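Structural overview
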Amino acid sequence: MRAKLFLKNGIIILTAQMFTYLMDFLCRTVFIHTLSMEFVGIKGLFSNILSILALTELGVGTVLIYSMYKPIAQKEEQRLLALLGFYKKAYTLIACLVGGIGLMLTPFLSYLIKDCPDIRGLHLIYLLYLCNCVCSYLFAYKLSILQADQKLYVITLFSCLISAAKNIVQIAALYLTGNFFIYLLIQIPFTLFNNLFISKRADKMYPFITAKEKPQLSGEEKKEILKNTFAMFNHRVGATILNSTDNLIISRFIGITVVAINDNYVLIVNMINMIVNQLFSALTAGVGSLNATESTETSYQVFKQLHFACFWFYSFCTACLFVLMNPFIELIWGSHYIFPLPVAAIICANFYIIGIRKIPLVFKESMGLLWQDRFKPLAEAAINLAISVAAVYYFGTAGVFAGTFISMVTTSLWVEPYILFKHGLKISWKEFWLTNAGYFPLSLFLVSITYLTGTLYQGTLLCAFVYKVVICLLLPNILLLLIFGRTREFKDLLSAIIPRNVFSKKES
């Protein structure tokens, strides 16, 4: 049953997200060709500022979802109602904090931009972004029960249609008016409507959450939630500084036009990451249920299968990114929007490291292991900022991204699996690292051979790009199949996906 729910979530979410990002990509293309590079840079910069403001969310959402796994499995409606009530109060406070802190930052915007462009209404643009961010928290707390109960597919298709409608209206506004303010105003009502729909849908699926009675969490339960929230806040700090400060550093030390260039790379990488993250969102609930009901041995077997699948997927995706990213950007948006190859290589390396960490992270978080490595994200953030700010003076944009890479390799890459194996699975992690010792150089080989093969044909930009697409689709997967086709890892994964339940030995 868990496998069916995961696959149903996965297929629907993947399809919806692909369509959503196709529309986002189309909207961005129109945006780039309609407005100047400065507007593209401002868009990326303000999005990053709001990502940092979202730290006020503290990670309470992840903690509440983890707290719901057991009550959902045991149908404890009163406890679920108490958790949702707590979540509602938390998100109301968060919306107020984001709005208040965001307003206080308004007078200092010009200090974040080197050679600030003469854009009329810069502060109003920021306030419209802030307003949409605050609106995203309204009515959204009920999403947690859908996530914990593996029912994201219920609202994903509708949310996809809402997003597509928003993009269509924004594209029309850009073509007809070329006005950035109208473009920003359009997104606010769509954000509110989407959240309202989620709320009403949750009410219909779980009628008990509309009850007038308001059960409260016990003092001990609140203490445990607050403890885990503090730990998750540290994790959010690390993740936010890792993912959302690059544009701030580039804007402050290099310039807003480079932010515009970087934002295109961010769009492409996020297009892959967000689709995958939606799948992992569905996977996390399944893993959480697995860990709550099955033995550690079963959990470890599933972990190995998923880690192998993750290695295959991210090796393939990294090869595709490295070979295709620059030609794609040049083809669609122009050669003035591309980074030199070494910069693109570091972006791809960061993408791979983030990806290969996902399975240990999913298992760790689904087991509620947030407190044990609460200081790791702070160390990661400090290393990232220190190296990025120092290196930007000597290596420019490449130095900023190198700080991200070094901070991950020296902290998260080994700390997260260490915590999982020591406190969660409670077995030696020697086998895991011996496996990774083979995975990492093999991934580098696959990326290198795919890139070199892609350079063999030199035709027109479009023909060369099509050739490279074919090479990327075939070569890495053929090589991986030749290497792993007869191995136990591949056979176990294949048998888990096709004829049997992914999460348990027997169908529920």
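Above this text sits the structure in question.
What comes next is a walk through the structure. Note that this is a predicted model, so its numbers are computed, not measured. (Residues numbered from 1 in each chain as written. Predicted model: local features only at pLDDT ≥ 70, side-chain atom pairs only at ≥ 80, totals over all residues. Heavy atoms only, no water.)

Their axes nearest at 9 Å, the elements helix α14 (residues 358-366) and helix α17 (residues 412-425) cross at an angle of 45 degrees. Comparing their axes, α17 and α14 come out oblique. The two elements α14 and α17 cross, and the hand of that crossing is left-handed. Of the residues in α17, those touching α14 at P360, L361, F363 and K364 are E416, P417, I419 and L420. (Axes fitted to C-alpha atoms, helices over the stretch in contact; angles between N-to-C directions. Helix = DSSP H or I, 4+ residues; strand = E, 2+ residues; numbered from the N terminus. Parallel < 35°, antiparallel > 145°, perpendicular 65-115°, else oblique. Left-handed = near helix turned anticlockwise from the far one by under 90°. Contact = heavy atoms within 4.5 Å.)

Before going further, it helps to examine the packing of aromatic side chains. Counted under the stated rule, the structure contains 37 aromatic pairs. Ring geometry for F31 and F180: centres 5.4 Å apart, planes at 70 degrees, overall edge-to-face. You can see F31 sitting in helix α1 (residues 2-34) and its partner F180 sitting in helix α8 (residues 180-205), a full 149 residues away along the chain. Of the two residues, F31 and F180, neither departs from the other in class, the shared state being buried. Judged by centre distance (6.0 Å) and plane angle (85 degrees), the rings of F308 and W312 are edge-to-face. Taken together, the residues F308 and W312, both in helix α12 (residues 296-332) and four residues apart, mark about one turn of the helix. Comparing F308 with W312 shows no difference in burial state: the two are buried. By the ring-pair criterion, three or more aromatic residues cluster together here, those being Y300, F303, Y352, F363, F421, F432, W433 and F440. Over the ring of F253 we find R252, and its NZ or CZ is 5.9 Å from the ring centre. (Phe/Tyr/Trp six-rings, centres within 6.5 Å; stacked < 30°, edge-to-face > 60°. Buried < 20%, exposed > 50% of the residue type's maximum accessible area, 1.4 Å probe, protein only. Lys NZ or Arg CZ within 6 Å of the ring centre and 35° of its normal.)

On to helix α15 (residues 376-395). An α-helix turns once per 3.6 residues; consequently, residues spaced three or four apart project the same way. Taking 1.5 Å of rise per residue, 20 residues should cover 28 Å, and α15 covers 27 Å from first to last C-alpha, within 8% of that figure. Those residues of α15 that sit buried are K376, P377, E380, A381, N384, S388, A391 and V392. A positive backbone phi angle near 65 degrees is found at G396, which sits one or two residues after α15. (Expected span 1.5 Å × (residues − 1).)

Ranked by size, the top nonpolar core spans 135 residues in total, and within it F46 and M325 carry the most contacts. No other element matches the 19 residues that α12 contributes to this core. When neighbours within four sequence positions are excluded, F46 is seen to be in contact with L109, L122, I125, Y126 and Y129. (Core = buried A, V, L, I, M, F, W, Y, C linked by side-chain atoms within 4.5 Å.)

Right, let's talk about a nonpolar patch on the surface for a bit. Taken together, the side chains of L462, V466, V470, L473, L474, I478, L482 and I483 make up a nonpolar region of the molecular surface, amounting to roughly 750 Å² of accessible area. You can see L473 is positioned in helix α19 (residues 461-484). (Patch = residues over 30% accessible without salt bridge, like charges linked within 9 Å, V, L, I, M, F, W, Y side chains within 5 Å. Areas by Shrake-Rupley, 256 points an atom, 1.4 Å probe, with all protein chains shown as cover. Salt bridge = Lys/Arg side-chain N within 4 Å of Asp/Glu carboxyl O.)

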